[in-house]
Amino acid sequence: MAAAPRRLLLPLLLPLAWAAGCAASLGGGWAAGALPEEERCTVERADASLTFPRFLQRFAFSRPVIIRGATDNSVFQALCTKDKLLGAFGDRLVRLSTANTYSYRKVDVPFQEYVEHLLKPQDPAALGSDTLYFFGDNNFTEWGPLFQKYVPPPFRIPGTRGAYSFGIAGVGSGVPFHWHGPGYSEVIFGRKRWFLYPPDKTPHFHPNETTLAWLHHTYPTLPPGERPLECTIHPGEVLYFPDRWWHATLNLDTSVFISTFLG
Ligand SMILES: *[C@@H]1O[C@H](CO)[C@@H](O)[C@H](O)[C@H]1NC(C)=O
Ligand SMILES: *[C@@H]1O[C@H](CO)[C@@H](O)[C@H](O)[C@H]1NC(C)=O
């Protein structure tokens, strides 16, 4: 191509390329959201220089941490675009759970139906107990070859093994406050905002209310001393939560995510 036309074309094409790039590579074809991140991240952050002894001493048994750049999941990410996952798993059944604290109801639907009809922005008026969420209950026979491409977070707690839970959830969805054993959470596409309290500080929440409703109704009434630790994780970061820490999550975008539970 001659130099002059290229110079003319480039400013016209750049915005298009940028828009296509957002859809196709940055967000994997998954819809972005407009919910706000926290004003100030209050979870400690570490980078790839964090050592295992330091992790054990400072975080493993006492506080959450967000580790950035410790693993490279670009290969796994490339397999988790909307087109790739629909192509590989569209006709497979996935098991959905309700997005409340004590979730018992399970529904099996084809993955394609979930993505095309159920994966929508959270209705702010809906109850968590009436919202279906794809996270965990994965069929490892079918999804195992994909999960083998995931590079797990680098540190284990001695005596534990990691178990994966994979999910995809819509803008504004999330799981309200609950607790369990220690583990990690990583977003592959999208952003996930976290709210955490130590085991001895039971938060104010209703177990059937969505995290979005809690953020709108309860969070603004909290005195500064009663606010949770909070932070939003982005692709390339992994959040570690210690044993029995209360946590609630909010997907700011349509998110593809995977947890590694240490048990
Ligand atoms: C997992 O998938 C395999 C292969 O499709 C199937 O035979 C099996 O019944 C599934 N397991 C569960 C628990 O759904
Ligand atoms: C939460 O919702 C479930 C399912 O609809 C219901 O059985 C349960 O009683 C509700 N819990 C509370 C505390 O309202």
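Residues numbered from 1 in each chain as written. Chains lettered and ligands numbered in written order. Predicted model: local features only at pLDDT ≥ 70, side-chain atom pairs only at ≥ 80, totals over all residues.

Going by what an unreviewed UniProt entry lists, the protein chain is known as JmjC domain-containing protein 8 isoform X2 and is assigned to Apteryx mantelli.

Sheet architecture is open: three strands sit in the order 9-8-11, paired in antiparallel fashion. Of all strands in the sheet, those with a lone pairing partner are strand 9 (229–233) and strand 11 (246–251), marking the two edges. Across the sheet, the axes of successive neighbouring strands diverge by a mean angle of 20°, strand direction being ignored. The pairing of strand 8 (residues 192–197) with strand 11 spans six bridges and is classified as antiparallel. (Pairing = 2+ DSSP bridges. Helix = DSSP H or I, 4+ residues; strand = E, 2+ residues; numbered from the N terminus. Axes fitted to C-alpha atoms, helices over the stretch in contact; angles between N-to-C directions.)

With that out of the way, let us pick up the UniProt feature "domain: JmjC" (unreviewed entry) in the protein chain. Under the feature "domain: JmjC" (unreviewed entry), the UniProt entry names residues 129–263. End C-alpha to end C-alpha, residues 129–263 measures 27 Å, and it is 11% helix and 36% strand. (UniProt positions renumbered as here; feature names shortened; annotations may be inferred.)

Here nine strands make up an open sheet; going across it, the order is 1-2-10-7-12-6-5-3-4 and the pairing mixed. Only two strands of the sheet have a single neighbouring strand rather than two, namely strand 1 (44–47) and strand 4 (106–110). Across the sheet, the axes of successive neighbouring strands diverge by a mean angle of 30°, strand direction being ignored. Where strand 7 (residues 183–189) and strand 10 (residues 237–241) come together, four bridges link them in antiparallel fashion. Paired with Gly183 across the two strands is Phe241, which belongs to strand 10.

Summarising burial for strand 9: four of the five residues are buried, a large majority. In terms of strand pairing, strand 8 meets strand 9 through five bridges, oriented antiparallel. The residue of strand 9 that forms the bridge with Arg193 is Thr232. (Buried ≥ 20, exposed ≤ 12 C-beta atoms within 10 Å, placed from the backbone.)

Further remarks concern the pairing of strand 2 (residues 65–68). Sheet topology note: the strand 1/strand 2 ladder contains four bridges and is parallel. Its bridge partner being in strand 2, Asp47 is matched across the sheet by Arg68. The parallel pair strand 1 and strand 2 is bridged by helix 2 (residues 52–60), and the resulting crossover is right-handed. Alignment of strand 2 against strand 10, held across four bridges, turns out to be antiparallel. Counted as the bridge partner of Ile67 is Val238 from strand 10. (Right-handed = clockwise from strand over helix to strand, strands pointing away.)

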